[in-house]
Structures are given as structure tokens and as C-alpha cells.
Amino acid sequence: MDTITIAMAKGRIANEALSLLENSGVLFSDFDEKSRKLIFTDNGRSIKLIFVKAVDVPTYVELGAADIGVIGKDVVLEDPKDVYELLDLGIGKCKLAVAGFPGEKMIDKPKLTVASKYPNLAKMHFEQKGLRTEIIKLNGSVELAPLLGLADCIVDIVETGATLKENGLVVLETIREVSARLIVNKASYAMKTERIQQFIAGVKKGLEVYS
Ligand code: PRP
């Protein structure tokens with residue numbers, strides 16, 4: 001049987017995705033959240049699982065270091081890669097939103113300063129609305145930007161809303177819903193078609209149990 005390598009986004013998606021894989025009959029009994037190990041092998045010894053930073057998942061898949069990736073649609077849209085997107089896993093659900101102080105009037109500004117981990121999506125969103133922006137790329141804790149006067153608002157993902165709430169911020173506008181996707185390297189799909197299709201069929205079955 002062909003061995004396949006899955007690149008999994010570390011963090012919010014990983015635990016749900018591992019439960020989903022377990023429901024599909026794929027078990028990584030050597031997996032330990034606290035371990036610093038980066039590569040795990042499933043009990044059937046035909047699947048390797050690597051944990052990488054979310055933004056790096058599409059790169060691993062596009063360049064063929066991983067056959068399959070599990071990654072949020074937010075990352076896929078921010079930096080589109082030449083890969084197949086074959087399945088919406090329906091997990092890791094959150095929304096991409098504009099957030100800021102309650103009552104923030106974005107249209108009143110001659111130029112809006114926006115902080116985001118998603119500079120391309122932020123730019124696109126405000127361009128479509130005909131608003132002039134200066135985008136500040138940050139890599140985390142984006143909510144700090146309005147609090148410290150670095151930006152008028154942020155574009156970020158909101159899951160529970162707790163981070164916004166605890167920092168006195170609100171969603172000003174929802175851009176889109178996002179969820180985790182299964183992406184596949186194009187050459188891998190051509191060379192390991194049966195194996196990858198079998199894996200995806202298993203995941204689909206797992207999804208029925210999961211939902
Ligand atoms: C994400 C996102 C928000 C937060 C939203 O950050 O950028 O800060 O989670 O989640 P909530 O609505 O459930 O509070 P993440 O935890 O990935 O950390 P980061 O800010 O360091 O990127």
C-alpha cells in the first residue's frame with residue numbers, strides 16, 4: 001500500500017481533525033499533544049502525520065513534501081497555492097471578520113488603517129468596498145492593534161468571540177465563514193489516486209459519524 005503523508009495545521013484544527021481521523025479508523029497511538037515530536041505514524045503504518053504551522057501547510061502540500069494537508073480556508077484564500085482542494089471537513093468553523101471598537105465608523109476615514117494576519121484578504125475586502133486602506137501585517141495577537149492605536153480595525157478570524165470580548169472589541173462586519181479543508185498535491189493525486197481516494201472515502205465516512 002502507498003504511504004501517504006498528511007500535513008496538519010498545529011493549533012485549533014488539530015484536535016478536531018485527529019478525532020475525525022479516529023472516526024475514519026485512522027489512529028495515531030504514538031501521538032501526544034505535549035510531545036515535541038513532529039512526525040507520527042498511524043497504527044496501520046501507512047500514514048505519516050506531520051504538524052506544521054498553519055501558514056506552512058499549503059507550501060508542504062504544493063511542493064510535495066506532504067501528499068495531503070488539513071488547513072483552514074482562511075489560509076487557502078490568503079495565499080492560494082497550486083493544489084487540489086477536495087473536501088470541506090466542516091470542522092474548525094469560524095468566521096473571517098472586520099473587528100474594532102463598538103461604533104467604529106470605517107467609512108468616515110480618508111484612509112483606514114487595518115491590522116491583519118491576512119493582508120491580502122483585508123486589502124481585497126476594503127478595495128471591493130472602495131475604501132482606501134493602509135494594511136499592517138501582524139503575525140499574532142492582532143487584537144492589540146486597535147487597543148494601542150496601531151490600527152483603526154483588524155481583519156481576523158473569530159471563533160468563540162472571547163478574545164474580542166475580553167479586549168472590548170466587537171465584530172463590525174463578517175467577511176465570510178471559514179472551515180477546515182482537505183488539500184492534495186496534484187502529482188500525488190495522479191500517482192497515488194486509489195490510495196488518496198480510499199483515504200478521502202474513509203474521512204467522508206468519519207464525517208458522518210462525527211457530525
Ligand atoms: C486566533 C485569532 C484570534 C482568536 C479568535 O488567534 O487570530 O486572536 O484566535 O478566537 P476566539 O474568537 O475563540 O477568541 P490564535 O489563537 O490562533 O493566536 P494568535 O493571535 O497568536 O495568532
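**Regarding the domain arrangement of the protein chain**
Piece 1. Under the domain assignment, the protein chain is made up of domain 1 (4-92 + 179-210) and domain 2 (94-177).
Piece 2. On the side of domain 2, eight residues touch domain 1, which itself brings eight residues to the contact.
Piece 3. When residues of domain 1 are sorted by the area they lose upon contact with domain 2, Arg12, Asp74 and Glu78 head the list and together hold 62% of the total.
Piece 4. Here arginine 12 ties to glutamate 159 by a salt bridge, and the two come within 2.1 Å at their closest N and O atoms.
Piece 5. Viewed at the interface, domain 2 and domain 1 are joined by five residue pairs in polar contact (both at pLDDT 80 or more).

**Focus: the site of the ligand**
Piece 1. The full set close to the ligand counts 13 residues, and Arg12, Lys117, Asp156, Thr160 and Thr163 are the nearest of them.
Piece 2. A distance of 2.9 Å is found between an oxygen atom of the ligand and a backbone nitrogen or oxygen belonging to serine 141.
Piece 3. Considering the ligand on its own, with 500 Å² of exposed area, one finds that the protein chains cover 71% of that surface.
Piece 4. Within the residue set of the shell around the ligand, elements represented by two or more residues are β9 (153-158) and α6 (162-166).
Piece 5. If one sorts the elements of the shell around the ligand by residue count, β9 sits on top with three residues.
Piece 6. Looking at the shell around the ligand residue by residue, the classes come out as three nonpolar, five polar and five charged.

**So, the sheet that holds strand β2 (residues 39-41)**
Piece 1. The six strands lie next to each other as β2-β3-β1-β4-β11-β5, forming an open sheet whose pairing is mixed. Either end of the sheet is taken by a strand with one partner, and the two such strands are β2 and β5 (84-88). Between one strand axis and the next, the sheet turns by 25° as a mean value, whatever way the strands run.
Piece 2. Each of β1 (4-9), β3 (47-52) and β4 (68-72) is contacted by helix α1 (residues 14-23), which is oriented at about 145° to β1, the strand it contacts most.

Analysis parameters
- Residues numbered from 1 in each chain as written.
- Predicted model: local features only at pLDDT ≥ 70, side-chain atom pairs only at ≥ 80, totals over all residues.
- Heavy atoms only, no water.
- Domains from an automatic or database assignment.
- Contact = heavy atoms within 4.5 Å.
- Buried area = accessible area lost by both parts, 1.4 Å probe.
- Salt bridge = Lys/Arg side-chain N within 4 Å of Asp/Glu carboxyl O.
- Polar contact = N/O pair within 3.5 Å; in protein donor to acceptor, adjacent residues only side chain to side chain.
- Near = heavy atom within 4 Å.
- Areas by Shrake-Rupley, 256 points an atom, 1.4 Å probe, with all protein chains shown as cover.
- Helix = DSSP H or I, 4+ residues; strand = E, 2+ residues; numbered from the N terminus.
- Nonpolar A, V, L, I, M, F, W, Y, C, P; charged D, E, K, R; others polar.
- Pairing = 2+ DSSP bridges.
- Axes fitted to C-alpha atoms, helices over the stretch in contact; angles between N-to-C directions.

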